[in-house]
Amino acid sequence: DILPKMTGLSNLNICFDHTNITDETIQSFTTNALLHFAVLEQVKLDLGYTKVTDQGIIPMFKRMKALKSLDLAFNCTQVTDASLQSLTANTLAQSPDLEFFGLGLISTHITDQSLIHLFEKINPKIKAFELNLSHTKITDECIEFFAEKILPSFFDLQSFSLWLMNINITDMSAIKIFKSLKKTLRSFTLS
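From a predicted model like this one, the values you see are computed outputs, not experimental measurements.

Caption draft 1: Molecular detail of the packing of aromatic side chains. Under the criterion given, the structure shown has 10 aromatic pairs. Ring geometry for Phe129 versus Phe154: centroids 5.8 Å apart, planes at 45 degrees, classification tilted. A residue pair is termed long-range when its members are at least 10 positions apart, and Phe129 in strand S5 (residues 128-132) and Phe154 in the loop between helix H5 (140-150) and strand S6 (159-163) qualify at 25 residues. Exposure remark for Phe154: the relative accessible area of 0% places this residue in the buried category. Aromatic pair Phe146 and Phe154: ring centres 6.2 Å apart, planes at 65 degrees, arrangement edge-to-face. Assigned by exposure class, Phe146 and Phe154 land together as buried. These aromatic residues form a ring-pair network of at least three members: Phe101, Phe119, Phe129, Phe146, Phe154, Phe160, Phe178 and Phe188.

Below, the structure written as structure tokens:
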């Protein structure tokens, strides 16, 4: 009842991390509140360790447009490539002024191909980028593509964080990341 009345809201930060939240809550939020947030510039949404699935997540991305900052955490959820495809096609493609992008996908069922497609849609003017792919089945294919094709195109990148714990990558991926780093960086994390 209250969120839709906040028509001037520009910064939204919701954390349901480690709760029993399901798709029902996310669908209600998307239907009843997110529709009214045409002026949202910053969204931070942590749904890690919840019971949300693609069914709840996908419609939400169709409502998020023209963002300057997007920070999403879907760690240890049932989120799959379908959600990433919706994020890519709807939100990233409609946010040409995105300056911060963060995405937590620890222990999810995402694949190299969906991430590669997502990387291609990230605004090259981005200033801060955070990605956690720990405990996924991501391989050198995805990481090397990012390091060779995407990271060099971020011409004003100032903060870069990448977590790759317990995934199947080799020395070549790490070396390619280091070779692609920019002089503009002020903060760098690789784990």
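Caption draft 2: Region of the structure containing the pattern of salt bridges. All told, the structure shown has 2 salt bridges when counted by the stated rule. The shortest N-O distance in the salt bridge between Lys176 and Glu144 comes to 3.3 Å. You can see Lys176 sitting in helix H6 (residues 171-180) and its partner Glu144 sitting in helix H5, a full 32 residues away along the chain. An identical accessibility class is assigned to Lys176 and Glu144; each is buried. Between Lys176 and Glu148 there is a salt bridge, with its nearest N and O atoms 2.8 Å apart. Of this pair, Lys176 sits in helix H6 while Glu148 is found in helix H5, placing the two residues 28 residues apart along the sequence. According to the relative accessible area criterion, Glu148 is partly exposed, its value standing at 42%.

Caption draft 3: Region of the structure containing the sheet that holds strand S2 (residues 42-46). Pairing within the open sheet is parallel, and its 7 strands lie in the order S1-S2-S3-S4-S5-S6-S7. Each edge of the sheet is formed by a strand with only one pairing partner; in this case those strands are strand S1 (11-15) and strand S7 (187-190). In this sheet, neighbouring strand axes are inclined to one another by 5 degrees on average, regardless of whether the strands run parallel or antiparallel. As judged from the 4 bridges shared by S6 and S7, these two strands associate in the parallel manner. Its bridge partner lying in S7, Ser159 is registered against Ser187.

Caption draft 4: Broad picture of the environment of Ser180. With respect to the element layout, Ser180 can be found in helix H6. Along the backbone, Ser180 and Leu151 are 29 residues apart, and their C-alpha atoms lie at a distance of 6.2 Å. For Ser180, the residues in contact, after removing those within four places along its chain, are Ala147, Glu148, Leu151 and Pro152.

Caption draft 5: Molecular detail of the pairing of S5. Across the 5 residues that make up S5, a large majority, 4, are buried. Taken together, the 5 bridges between strand S4 (residues 100-104) and S5 define a ladder with parallel strand orientation. Following the sheet pairing, Leu103 is matched in S5 by Leu131. Note on the crossover from S4 through helix H4 (residues 112-120) to S5: the handedness is right-handed. Across 5 bridges, S5 lies against S6 in parallel orientation.

Caption draft 6: Spotlight on H4. Asp112, Ser114, Leu115, Ile116, Leu118 and Phe119 are the residues of H4 that are buried. Looking at the buried side of H4, the elements it contacts are helix H3 (81-91), S4, S5 and H5.

Caption draft 7: Structural view of unusual backbone geometry. Within the chain, His135 stands out as a residue other than glycine whose phi angle is a positive 60 degrees. You can see His135 is positioned in the loop between S5 and H5. Its relative accessible area of 41% is what places His135 among the partly exposed residues. A positive phi angle is found at Asn166, which is not glycine, with a value near 60 degrees.

Here is what the cut-offs are and how they apply
- Residues numbered from 1 in each chain as written.
- Predicted model: local features only at pLDDT ≥ 70, side-chain atom pairs only at ≥ 80, totals over all residues.
- Heavy atoms only, no water.
- Phe/Tyr/Trp six-rings, centres within 6.5 Å; stacked < 30°, edge-to-face > 60°.
- Helix = DSSP H or I, 4+ residues; strand = E, 2+ residues; numbered from the N terminus.
- Buried < 20%, exposed > 50% of the residue type's maximum accessible area, 1.4 Å probe, protein only.
- Salt bridge = Lys/Arg side-chain N within 4 Å of Asp/Glu carboxyl O.
- Pairing = 2+ DSSP bridges.
- Axes fitted to C-alpha atoms, helices over the stretch in contact; angles between N-to-C directions.
- Contact = heavy atoms within 4.5 Å.
- Right-handed = clockwise from strand over helix to strand, strands pointing away.

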